[in-house]
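These are the residues of each chain, in order.
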Amino acid sequence: MGVIFSLMLMLPLAEKKLQKSISDDRNNTITEMNELSDILRLYNLFLKNEVGSNNKKGESYFLKDYCNNFNKLDKTGNGVRYALFDMTNDGIPELHVLTDISYSVHTVEGKKLITWYEGDRYRRPLNNKAILGKTESSETYYEYIVLDNKGEEVFSCAFEDYIKLSKRKWEKLTSPFLSIGSDKINWKNINDKVEWTELKGK
């Protein structure tokens, strides 16, 4: 009888805790949706050249500033592509923008768009969240870069084939870096609007 009475007393408390847990989960979901909505809006505004992205010096640059001939882009947006890919492991993808002269990565902090990383147009993100640069002239030059969650460089190495190595030795030297793929990064035309499902990573 005493056990039953105790359970009867505990049941309302358990129900109250469950309701509070459900309410907390609902509030967290709403907060997350609002945050994602703000990020989505800023990404799309940047791609429309309507809002700038602040660099680490606090200077604001619009999409046109990352292009050589922005005003000459045709109506299809050819010459500028974007991708969404999480570089900081927070579950929210950053905005990657590739133009005729630059590759840049943008994220949102304090409801403002900031430039997380910027380099030349020969650089690309890899599946492991590193960045690989490649330029070709008389020699081929590769640069492999690892960044921390703030976009600061923590490791880099470079390879140039002007060094007289056999093909076998060259491939052995570069294979650990060049074999990392980039198939997880889905590049799209600038006129393709950033969708909610993309931002959620689904």
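This one's a predicted model, so the numbers in the text were calculated from it and none came from an experiment.

Reading guide: rules and limits
- Residues numbered from 1 in each chain as written.
- Predicted model: local features only at pLDDT ≥ 70, side-chain atom pairs only at ≥ 80, totals over all residues.
- Heavy atoms only, no water.
- Phe/Tyr/Trp six-rings, centres within 6.5 Å; stacked < 30°, edge-to-face > 60°.
- Helix = DSSP H or I, 4+ residues; strand = E, 2+ residues; numbered from the N terminus.
- Buried < 20%, exposed > 50% of the residue type's maximum accessible area, 1.4 Å probe, protein only.
- Core = buried A, V, L, I, M, F, W, Y, C linked by side-chain atoms within 4.5 Å.
- pLDDT = per-residue confidence, 0-100.
- Contact = heavy atoms within 4.5 Å.
- Salt bridge = Lys/Arg side-chain N within 4 Å of Asp/Glu carboxyl O.

## A word on the packing of aromatic side chains
Two descriptors summarise a pair of aromatic rings, namely the distance from one centre to the other and the angle between the planes of the rings.
Here is step 1: Counted according to the given criterion, the structure contains six aromatic pairs.
Here is step 2: Judged by centre distance (6.0 Å) and plane angle (55 degrees), the ring pair of Tyr103 and Tyr117 falls under tilted. In this pair, Tyr103 sits in strand 5 (residues 102-109) while Tyr117 sits in strand 6 (residues 112-120), placing the two residues 14 residues apart along the sequence.
Here is step 3: Owing to a relative accessible area of 9%, Tyr117 belongs among the buried residues under this scheme.
Here is step 4: Ring geometry for Tyr144 and Phe177: centres 4.7 Å apart, planes at 55 degrees, overall tilted. Placement of Tyr144 in strand 9 (residues 140-147) and of Phe177 in helix 2 (residues 167-178) is noted, with a sequence separation of 33 residues between them.
Here is step 5: By the ring-pair criterion, three or more aromatic residues cluster together here, those being Tyr144, Phe155, Phe159 and Phe177.

## What about the nonpolar core?
Here is step 1: Within the largest apolar cluster, 17 residues are counted, with the highest numbers of intra-cluster contacts made by Tyr43, Phe46, Leu47, Leu63, Leu95, Val97 and Val194.
Here is step 2: Broken down by element, the residue count for this core peaks at six residues, all from helix 1 (residues 2-47).
Here is step 3: Within the second largest apolar cluster, 13 residues are counted, among which are Met87, Tyr103, Tyr117 and Ile131.

## Observations concerning the confidence of the model for the chain
Here is step 1: Here the chain shows a mean pLDDT of 80. Residues at 70 or above account for 74%.
Here is step 2: Note that residues 20-30 has pLDDT below 50 and, in this model, zero contacts with residues that lie over four places away or in other chains.

## As for the pattern of salt bridges
Here is step 1: Applying the stated criterion across every chain yields a total of four salt bridges.
Here is step 2: For the salt bridge of Lys150 with Glu109, the shortest nitrogen-to-oxygen distance reads 4.0 Å. In this pair, Lys150 is assigned in the loop between strand 9 and strand 10 (153-160) and Glu109 in strand 5, connecting sequence segments 41 residues apart.
Here is step 3: Looking at Lys150, the relative accessible area reads 55%, which means it is exposed.
Here is step 4: Shared partners join several salt bridges into a network, and the residues in it are Asp120, Arg123 and Glu143.

## Structural notes on unusual backbone geometry
Here is step 1: Residue Asn49 is not a glycine yet carries a positive backbone phi of 65 degrees.
Here is step 2: Of note, Asn49 is situated in the loop between helix 1 and strand 1 (53-54).
Here is step 3: Not every positive phi belongs to a glycine, and Lys129 is a case in point at roughly 80 degrees.
Here is step 4: Along the chain, the position of Lys129 falls in the loop between strand 7 (123-125) and strand 8 (131-136).

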